[in-house]
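Structural characterization, general
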Amino acid sequence: MRTSVMSKADKVEQTWRGTVFEPYLSAFRFDSQVRNLTPKTLDCYLERLGDLFVSLQEQGKSLPEVDKATVQGYALSLKGRVSDETINGRIRVYRRFFGFLVDKGLWESDNPMTGVKLLKTAKKVKPVVDPETVQKIVAGISRDSFEGMRNLLMVLLLWDGMMRKNEMLGLKVSDINLNDHLAKVFGKGRKERMVPLGVKTLKVLHQHLIRWRSKYPGDHLICMRNGEPLTGRHCHKVIQDLGKRHGIVLYPHLLRHSAATWYIRQGGNPAVLQGILGRTSLLVTQNYLHLSSQDAVNSHAQFSPSNCLRV
């Protein structure tokens, strides 16, 4: 008999059931589910809230007693135990949690997150895979099997469609519009958007549908031979193994990020890219793309204000 596996969110809520924290946690969880947050994101939120609640219990404090000093003290206590990026991730969750309580009238005091700043961290230049490497990877994938053609299609959807891994894995055959060169994608919060696909990606997609996918049941575009969808872990390993063949570290998000970077380098419109990526703001899109120092040098050489001077 199949036993149900308890999620992290369930475990956290079970731990605090019957305590003063339960009403706040349950309300926040319900609101997050209504907003269609993914189970993985919700697990992360509640796990981080659970860590804060443990700290409060150790201090003998109840939730209504939390103030700015309490949160800052907790954040500082984590220094040296976890990375600054992890601490900032927790602060962001607490901002969302207490902001929710204030908005819903569940918090009578001042918002304890007001004035709590993120730790300053050095911006890291994200690695980028160049088109030549992607070309080698694509050329090395056999098209003579269901798995080979499917894997090739995954690389192209991540690179050309710049989709998130879970967005790609959630695609149905019925979400593809070959005539209009579009794929209907459901992003974070189940927000729907239309992603354009290039002619070469569409060609491979059409070949896969006709030659291989039509032989198997179900409507999932990226699937196993039995029609069941690929898991995120399976997808990650497939892409990782393709990279190993060429001596590089490769994973789904790196393909998406690299493609977006090359889109900008080739003169693509950042506002259009924002829509393709499914980002909520142009500022986030710009922060998401970290161009190297050489990019700045090359761009300045082309558009230098001194170019019009005779020196």
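The text that follows walks through the structure, step by step, so that each part is easy to find. (Residues numbered from 1 in each chain as written. Predicted model: local features only at pLDDT ≥ 70, side-chain atom pairs only at ≥ 80, totals over all residues. Heavy atoms only, no water.)

Let's talk about the packing of helix H1 (residues 8-15) against helix H3 (residues 39-58)
One way to put it is that H1 packs onto H3 with a least axis distance of 8 Å and a crossing angle of 30 degrees. Between H1 and H3, the angle falls in the class roughly parallel. Here H1 runs over H3; the crossing is left-handed. Here H1 contributes Lys8, Ala9 and Val12 to the contact with H3, which in turn contributes Leu42, Asp43, Leu46, Glu47 and Gly50. In the contact of H1 with H3, the residues fall into four nonpolar, one polar and three charged. (Axes fitted to C-alpha atoms, helices over the stretch in contact; angles between N-to-C directions. Helix = DSSP H or I, 4+ residues; strand = E, 2+ residues; numbered from the N terminus. Parallel < 35°, antiparallel > 145°, perpendicular 65-115°, else oblique. Left-handed = near helix turned anticlockwise from the far one by under 90°. Contact = heavy atoms within 4.5 Å. Nonpolar A, V, L, I, M, F, W, Y, C, P; charged D, E, K, R; others polar.)

Topic: the packing of aromatic side chains
Applying the stated criterion across every chain yields a total of nine aromatic pairs. Consider the rings of Phe28 and Phe97, whose centres lie 5.3 Å apart with planes at 85 degrees: the pair is edge-to-face. Of this pair, Phe28 sits in helix H2 (residues 22-34) while Phe97 sits in helix H5 (residues 84-103), and the two are 69 residues apart along the sequence. Like Phe97, Phe28 is buried. (Phe/Tyr/Trp six-rings, centres within 6.5 Å; stacked < 30°, edge-to-face > 60°. Buried < 20%, exposed > 50% of the residue type's maximum accessible area, 1.4 Å probe, protein only.)

A few points about the pairing of strand E3 (residues 192-196)
On E3, burial follows the alternation: Arg193 and Val195 on one face are buried, whereas Glu192, Met194 and Pro196 on the facing-out side are not. The pairing of strand E2 (residues 182-186) with E3 spans five bridges and is classified as antiparallel. Each bridged residue has a counterpart across the sheet, and for Lys184 the counterpart in E3 is Met194. Here E2 hands over to E3 after five residues, with Gly189 in that stretch at a positive phi of 70 degrees. (Pairing = 2+ DSSP bridges.)

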